[in-house]
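# Secondary and tertiary structure notes
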Amino acid sequence: MKIERLHFKNINSLKGEHEINFDASPLNSGGLFAIIGPTGSGKSTLLDAICLALYARTPRISSVTKSKIEQDGSILTKYQTEAFAKVKFSCNSGSFVATWSISSKKKGGLREYDMDLWDAQIEKSFSEKKSENKDEIERLIGLSYDQFVKSVLLSQGEFATLLKSNEKERSELLEKITNTSIYRQIGRKVFEKYNALKSKISSQKTLMEDLRLKLLSEEDLHQKQKNKVELEKLEQAQQLKLSRYEKNFDQLKTKEKRDLELQAESKKLEQYQREFEDFQRKNVEKLSKHSKTLAFEEELLEYNTLAEKKESQVEKIGSLEQEQAQLQTQIKDVISKVQELLKTEIEENEIEKGLDELLATYQNLESQKQIKLSDYKSKLEILNRELEVLDLKFKTQTIPDFRSELQDKLKVSQEKVEGFAIQLEDDTSLDESIKAKNQLLNQIKDAKHEKKSLTELEERSAKLNDQIKLDKEALAKFPKLISEKETAFEILEKEVSHLETEKENQNLKLEVEDLRKQLLENEPCPVCGSKSHPYAEHKPALDSELDKTLKTKKDELQMLSKAIETLKAQQNLKTERVEEQEAESESLKLNLAQRKEAFAKHFEFVLSQLQGKTLADIELSTNREIENLETTKQLQAEIQALKNAISVLDELHQIKEEGRQLKAEMTALYAGENLNDLVSELKKNWITLNSNLSSTRKSLSNEKENLSRVESKRLQLQANLEPKIKASAFSSISEAYSSRMKSADYQALSQQLNELSERIQIQKEKLKGIKAQIEDLKFEFFTNKNEAELAIADLSKTFENTKKDLEEVKRQLKNNSDLLSELKRIEESIAEEQQANRKWEILNKLIGDATGTEFNKFAQDLSLQRLIYLGNKRLKHLNDRYELDRYLPNEDKDQLYVIDHHMGGMRRSVKTLSGGETFLMSLALALGLSDLASRNVEINSLFIDEGFGTLDPETLDVTLDTLEKLQAESNKTIGIISHVSTLKERIQTQIVLDRNAQGYSQLKVIG
């Protein structure tokens, strides 16, 4: 994973937009680069912006939210309304751009931040959801936020503290640096889990002891079971006796109830008998009269029906005679309207024919008129199409006036065509001439363009030849310059070699400094045996001027080496350039010749037309010829359109005159609105009225015939009924008919009489049954109800007491059984819990404790071993003299040790290291942690913070040389964040941050 570009706006003190391209010069070509600036200028803000874009977090703020930004005033530059951080990075999956942004609302306050992930290859965003973008960024990079910070942003200051802390402090620091607090939590959770299970088992055992105390003894259990059997027998006997008492009592209650029922039902019988007598008194006479008419019921009903029918038919005949008179009047009105329409008198049988002939004549004229109207519209459309060409329109003017206007325009257009006097070749149309001229014009334009290209090509060839000449002159000077520089380099290299020999001799004295500190006065030296140690406190002075001279000479040697390499590179580049230019010059000459030949061949016809003129001249004259031809073509089209329009106008005038004549004939026949509707209505009324009159006459005849038949039948039936009426003691037919009841009323009264009679009979049977039930009752113990109630109450009380005693015994026995079951269940549960707790007991012994310290210490010990291993791999490249190691069994556990390979593998505490050596150790560990955190992910961007101020000039040089070597071997982008002024001289490529008086910072990249 490599960070290629950083682009951000309004982040902390860096107001406005800023961009850093790590893949562009000078940052990609100068080896290391430094991020330089005073405290508070925003050096760490660059790292904040990178973390914001990728993870929406910063090393200084673990959770970046809009409320956090508003509350703390962090991230967003003061008084600004928006901010963003954008990072372009590359990984195994390709190149991507991650963006974090936030802005203010119109009404104040901030919106929630947004995140975007842009795939640079397919030019598409990954998702609209910021959570999905964050997860995808982490997947692409292959590192979580914590891993990224430890892999890319290296702060060796924490490791400097780690080196000199005791075992407890070292474990806590490792936990913080590696973010492995999870091991402490695991150890604490194991301890808590084990103790929770242990406490649960203890509680269950205590519960078992309590339950055993509540169990019945064997003697009590046997007595309770015996009491249960005796009480069950007593309860059964008492229940049986109580049941028999209650049965006797129920029979006494039944007798009392039956006596009351017998009394009530006797009163009902008396009431029913009175209701029967009242009904007979009111309705017997009516029923008797109706019964007398039943012998001649059908004849009586038929006679009455015929009488009613006669009255109905007399009324109907009167109504039909009135309707007939009305229809005859309406028919006369229709005849009058038809004669008025036809303007002549007409017979009734000729009315329909006359109306049809009138309508046919009128419709024929209407049809002719419509045809003329259609022709008029069709011709008008043709006229308008012709007029469109002329940009004219036929509106409200008269046809003759408009025709005169068109004639005038035709004359003007013809005169214009004659004025152009264009002569066309034989068998050549105007369109063909225009097309030929346009083709010639296009060839002329192409010839102009090609001629211009040839001129430019000739100029380019001449300039290239001049440049080749200048470059060859410059190339001839390089051998002499390189020879002079190489001679100077050899002389200076010998001087440096001599100075380094002197420096090595001086360093041998420095390497025994640690041994001198261990010498004790009057104790023999382990090397020489002497008890006098004059240099233990007063060491000999060293020549500091040697260091300065050596450094100066080395710098000069390095600069001279770079100068030689630069000259050689420039010579090679210049040689390649001359060769390329010569090849290009030959190619241009060949191309120019070919194109000139092709130009003369392709534009032969155009060139033949020049005749002393330029291409621009013949282009202008051709354009004029085309314009004249196109104008003539347009005028000819207008002339033809005018002729066509005049012809159509003449046809329109003829159609209009014929239409006026047809309209006059139609008005003479009928001047109204719609003749068709009028004729249809008259015909319909005529047919309907005649049909209705015929139907009414027929109905009237039928009704008179029906009346005659009904009257004859009524008189015959009257003669038959009169003897029977007199025999039944009725004075007349009407009296007999009025004595009849409605059939439903007669049936209802007859049914009611039968029901009253049946009800009395049923009531008598019911009384008989109640008396039989009273006689069947038997009494075993009591004949008195009060005596029975007292006996039942006493026995019930005794029975309830027995029942309660039995339930209590059963409850005690059930409780004892439940206690035994619960004891068994708890025993089984304890066995299961003990089995399950076995693994937690083992884990607790191995890694558990109340604070989680033991497991955390074990995990941090493993982390330290791995970190030391990876750190030593890095340290070997930084300085092969030292190797970091943990304590041995006989050494102090609170210290880390270094193995000094220049002193025969001697071990000593890291606390004896100088400031520069401590920095190298801590830097190696920081790089090791980067390797540990990134694991299988290749990290090609590193930022190292803090600690360079503790280094002496020589150690700083060694450290920077080592980092440059790391950068060269791995092609990593390595940035050093510091305010040390020496770095400005040592590292030429810099990102410089300056802070102005308003508190805002600006950055610039120099190299």
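Under the annotation held in an unreviewed UniProt entry, the protein chain carries the name AAA family ATPase and is attributed to Psychroflexus salinarum.

In terms of regular secondary structure, the protein chain is built from 25 helices and 15 strands. The burial tally for the protein chain puts 35% of its 1007 residues in the buried class. Counting contacts in the protein chain only where the partners sit at least 6 residues apart, residues at least 24 apart contribute 74% of the total. Here the protein chain displays about 62000 Å² of accessible surface, and carbon together with sulfur accounts for 48% of that area.

In this section: the environment of aspartate 818. Assignment of secondary structure puts aspartate 818 in helix H21 (residues 785-847). Classification of aspartate 818 by relative accessible area gives partly exposed; the value is 36%.

Okay, the packing of helix H9 (residues 297-342) against helix H18 (residues 675-727) next. Axes are the key here: two packed helices are described by the angle between their axes and the distance separating the axes. Where H9 meets H18, the closest approach of the two axes is 7 Å, and the angle between their N-to-C directions is 160°. The pairing of H9 with H18 is recorded here as roughly antiparallel in orientation. In this structure, H9 meets H18 at a crossing whose hand is left-handed. Among the residues making up the contact of H9 with H18, the classes are represented as 25 nonpolar, eleven polar and 15 charged.

Attention shifts here to the UniProt feature "coiled-coil region" (unreviewed entry) in the protein chain. UniProt records the feature "coiled-coil region" (unreviewed entry) for residues 208-393, 430-523, 550-598, 690-720 and 746-843 in the present numbering. Spanning residues 690-720, this segment combines 100% helix with 0% strand, and its end C-alpha atoms are found 46 Å apart.

Another aspect to go through is the sheet that holds strand S11 (residues 906-909). Read from one edge to the other, the open sheet built from three strands follows the order S9-S10-S11, with strand pairing classed as antiparallel. In the strand order of this sheet, the two ends are held by strand S9 (882-885) and S11, each with one partner. When the angles between neighbouring strand axes are averaged without regard to direction, this sheet yields 30°. Of the pairings in the sheet, the one linking S9 to strand S10 (residues 897-900) comprises four bridges and is antiparallel in character. Across the sheet, the residue bridging to glutamate 883 is isoleucine 899, located in S10.

Further remarks concern unusual backbone geometry. Across the chain, the bulk of peptide bonds are trans and the bulk of non-glycine residues have phi less than zero. Omega for the bond connecting serine 25 with proline 26 falls within 30 degrees of zero, at 10°, which places this linkage in the cis form. Along the chain, proline 26 falls in the loop between strand S2 (14-21) and strand S3 (33-36). The backbone of alanine 56 shows a phi angle near 60°, a positive value even though the residue is not glycine. Phi is positive for isoleucine 75, which is not a glycine, with a value near 65°. Following the sequence through the fold, isoleucine 75 ends up in the loop between helix H2 (66-72) and strand S4 (82-91). Accessibility expressed as a relative area gives 2% for isoleucine 75, which makes it buried.

What follows is about the sheet that holds strand S1 (residues 2-11). With antiparallel pairing, six strands are arranged side by side in an open sheet as S2-S1-S4-S5-S6-S7. Where the open sheet ends on each side, the last strands, each with one partner, are S2 and strand S7 (124-125). Note that strand S6 (residues 114-119) and S7 share two bridges and pair antiparallel. Pairing of aspartate 119 across the sheet is with lysine 124, part of S7.

What follows deals with the packing of helix H8 (residues 218-292) against helix H20 (residues 743-776). With their axes 9 Å apart at the nearest point, H8 and H20 run at an angle of 160° to one another. Looking at the two axes, H8 sits roughly antiparallel to H20. Crossing geometry of H8 relative to H20 is assigned as left-handed. Among the residues forming the contact of H8 with H20, the class breakdown is 14 nonpolar, eleven polar and ten charged.

With that settled, consider the packing of aromatic side chains. Working definition: an aromatic ring pair is given by the centre-to-centre distance plus the angle between the planes. Tallying each qualifying case throughout the model produces nine aromatic pairs. With 5.8 Å between their ring centres and 40° between their planes, phenylalanine 22 and phenylalanine 33 make a pair best called tilted. Here phenylalanine 33 lies in strand S3 and phenylalanine 22 lies in the loop between S2 and S3, a separation of eleven residues in the sequence. Each member of the pair, phenylalanine 22 as well as phenylalanine 33, is classed as buried. Taken together, Phe22, Phe33 and Phe943 form an aromatic cluster joined through their ring pairs.

It is worth spelling out the nonpolar core at this point. Membership of the largest hydrophobic core comes to 85 residues, with the highest contact counts inside it found for Leu46, Leu54, Phe89, Trp100, Phe148 and Phe943. The element best represented in this core is helix H1 (residues 43-55), accounting for nine residues. For phenylalanine 89, the residues in contact, after removing those within four places along its chain, are Met1, Lys2, Ile3, Glu4, Leu54, Gly94, Ser95, Phe96, Ala98, Leu117, Leu140 and Ile141. Counting residues in each nonpolar core, the second largest holds 23 residues, with Ile335, Leu358, Tyr362 and Leu662 among its members.

What counts and how
- Residues numbered from 1 in each chain as written.
- Predicted model: local features only at pLDDT ≥ 70, side-chain atom pairs only at ≥ 80, totals over all residues.
- Heavy atoms only, no water.
- Helix = DSSP H or I, 4+ residues; strand = E, 2+ residues; numbered from the N terminus.
- Buried < 20%, exposed > 50% of the residue type's maximum accessible area, 1.4 Å probe, protein only.
- Contact = heavy atoms within 4.5 Å.
- Areas by Shrake-Rupley, 256 points an atom, 1.4 Å probe, with all protein chains shown as cover.
- Axes fitted to C-alpha atoms, helices over the stretch in contact; angles between N-to-C directions.
- Parallel < 35°, antiparallel > 145°, perpendicular 65-115°, else oblique.
- Left-handed = near helix turned anticlockwise from the far one by under 90°.
- Nonpolar A, V, L, I, M, F, W, Y, C, P; charged D, E, K, R; others polar.
- UniProt positions renumbered as here; feature names shortened; annotations may be inferred.
- Pairing = 2+ DSSP bridges.
- Phe/Tyr/Trp six-rings, centres within 6.5 Å; stacked < 30°, edge-to-face > 60°.
- Core = buried A, V, L, I, M, F, W, Y, C linked by side-chain atoms within 4.5 Å.

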